[in-house]
Every structure is written in C-alpha cells, then in structure tokens.
Amino acid sequence: MNFTNDQVVEAFIQHVETTQQRAKETVRTYRYVLSHYIEYLGDRGLDAVRPHHVEDWAARVRLVSGAYRKPSASTMRREIVVCRVFHQWANERDYGASS
C-alpha cells in the first residue's frame, strides 16, 4: 500500500502523541517542522530522500521579521533531528511514501 508523505507524517504525529506521550509543545514542534519539510519534498517520496536533502532543507534561507536570513545553527540542528527521527520511524515501518 502506498501512503502520501502527509499520511505518513500524520501517522508519525499520532505515534508521538499516543505511544511516546510527548509533551504538547514537542508535538507542536514536530508537526510544524514536518509540515514545512513535506512541503519542501514536494513529489519526492520518502524512499528517495537522502541526508543531503534534509541538510539542504534545514539550511534554507527564511523570511524572518521581514528580512531573509539563514537559520541559526541550533535551529538547523533541531530540524535535522526531527527529520531524522521521522525518517527512522518511517523506515522501521516500511513507509515508502510518494505524494
């Protein structure tokens, strides 16, 4: 069965909320980060993602307070960790998603 990237993210968020019982702020952060990440992936399925895709995405320039800026190192690390945890979870469950 094929799942969309959005469906896999929702399954992951549900897992984080119910099985891992993460704090609401953690769940909110995961949802926020992954929604932007999945938007960046576009039609690329999770099985086609390589580490450089995650790193390129995390290092992207963003509009912050009306100006374009590079994210801080801590922001990039946090986003990379969220994506890696997500990918590890998806791989362990054989989610080869395509949008």
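Throughout, a residue's number is its position along its own chain's written sequence, starting from 1. Totals for whole chains, interfaces and linings use every residue, but because this is a predicted model, local features are given only for residues with pLDDT of at least 70 and side-chain atom pairs only at 80 or more, for both listing and counting. Here the side-chain values reflect all heavy atoms present in the structure, with hydrogen atoms and water set aside.

Draft legend 1. Region of interest: the packing of aromatic side chains. Only rings of Phe, Tyr and Trp enter the pairing, Trp through its six-membered ring, and a pair is recorded when the two centres are within 6.5 Å. The plane angle decides the type: under 30 degrees is stacked, over 60 is edge-to-face, the rest tilted. Under the defined criterion, the tally for this structure stands at 6 aromatic pairs. Taking 5.8 Å as the distance between ring centres and 10 degrees as the angle between the ring planes, the aromatic pair formed by Phe 12 and Tyr 30 counts as stacked. Residue Phe 12 is located in helix 1 (residues 5–18), and its partner Tyr 30 is located in helix 2 (residues 24–41); the two are separated by 18 residues in the primary sequence. The exposure class of Phe 12 is buried, given its relative accessible area of 1%. Burial classes: relative accessible area under 20% of the type maximum marks a residue as buried, over 50% as exposed, and values in between as partly exposed (1.4 Å probe, protein chains only). Residue class for Tyr 30 comes out buried when judged on its relative accessible area of 11%. A ring pair is formed by Trp 89 and Tyr 95, whose centres lie 5.3 Å apart and whose planes are at 20 degrees; its orientation type is stacked. Tyr 95 gets classed as buried once you look at its relative accessible area, which sits at 17%. Of the aromatic side chains, those joined through ring pairs into one cluster are Phe 3, Phe 12, Tyr 30, Phe 86, Trp 89 and Tyr 95. Each helix is a run of H or I in the DSSP string that is no shorter than four residues. Each strand is a run of E no shorter than two, and both are numbered from the N terminus.

Draft legend 2. Region of the structure containing a nonpolar patch on the surface. By definition, no residue in a patch forms a salt bridge, and every one has over 30% relative accessible area; like charges are joined within 9 Å, nonpolar side chains (Val, Leu, Ile, Met, Phe, Trp, Tyr) within 5 Å. Per-residue and other accessible areas were derived by the Shrake-Rupley procedure at a 1.4 Å probe size, with only the shown protein chains allowed to occlude residues. A side-chain nitrogen of Lys or Arg and a carboxyl oxygen of Asp or Glu constitute a salt bridge if their distance falls within 4 Å. Taken together, the side chains of Val 61, Leu 63 and Tyr 68 define a hydrophobic patch exposed on the protein surface, amounting to about 370 Å² of accessible area. By the secondary structure assignment, Val 61 is in the loop between helix 3 (51–58) and strand 1 (62–64).

Draft legend 3. Spotlight on the nonpolar core. To form a nonpolar core, buried Ala, Val, Leu, Ile, Met, Phe, Trp, Tyr and Cys residues must be joined to one another through side-chain atoms within 4.5 Å. In terms of nonpolar packing, the biggest core is built from 24 residues, with Phe 12, Leu 34, Tyr 37 and Phe 86 touching the most fellow members. When contributions to this core are tallied by element, the ones reaching two or more residues are helix 1, helix 2, helix 3 and helix 4 (73–92). Considering every element that reaches this core, the biggest residue donor is helix 2, with 7 residues. For this analysis, residues touch if any pair of their heavy atoms sits within 4.5 Å. Excluding residues that lie within four positions of it along the chain, Phe 12 makes contacts with Tyr 30, Leu 34, Val 85, Phe 86 and Trp 89.

Draft legend 4. Up close: unusual backbone geometry. With a phi close to 50 degrees, Ser 65 is a non-glycine residue in the positive phi region. By the element assignment, Ser 65 lies in the loop between strand 1 and strand 2 (67–69). Not every positive phi belongs to a glycine, and Asp 94 is a case in point at roughly 60 degrees. Positionally, Asp 94 belongs in the segment after helix 4. A relative accessible area of 71% places Asp 94 in the exposed class.

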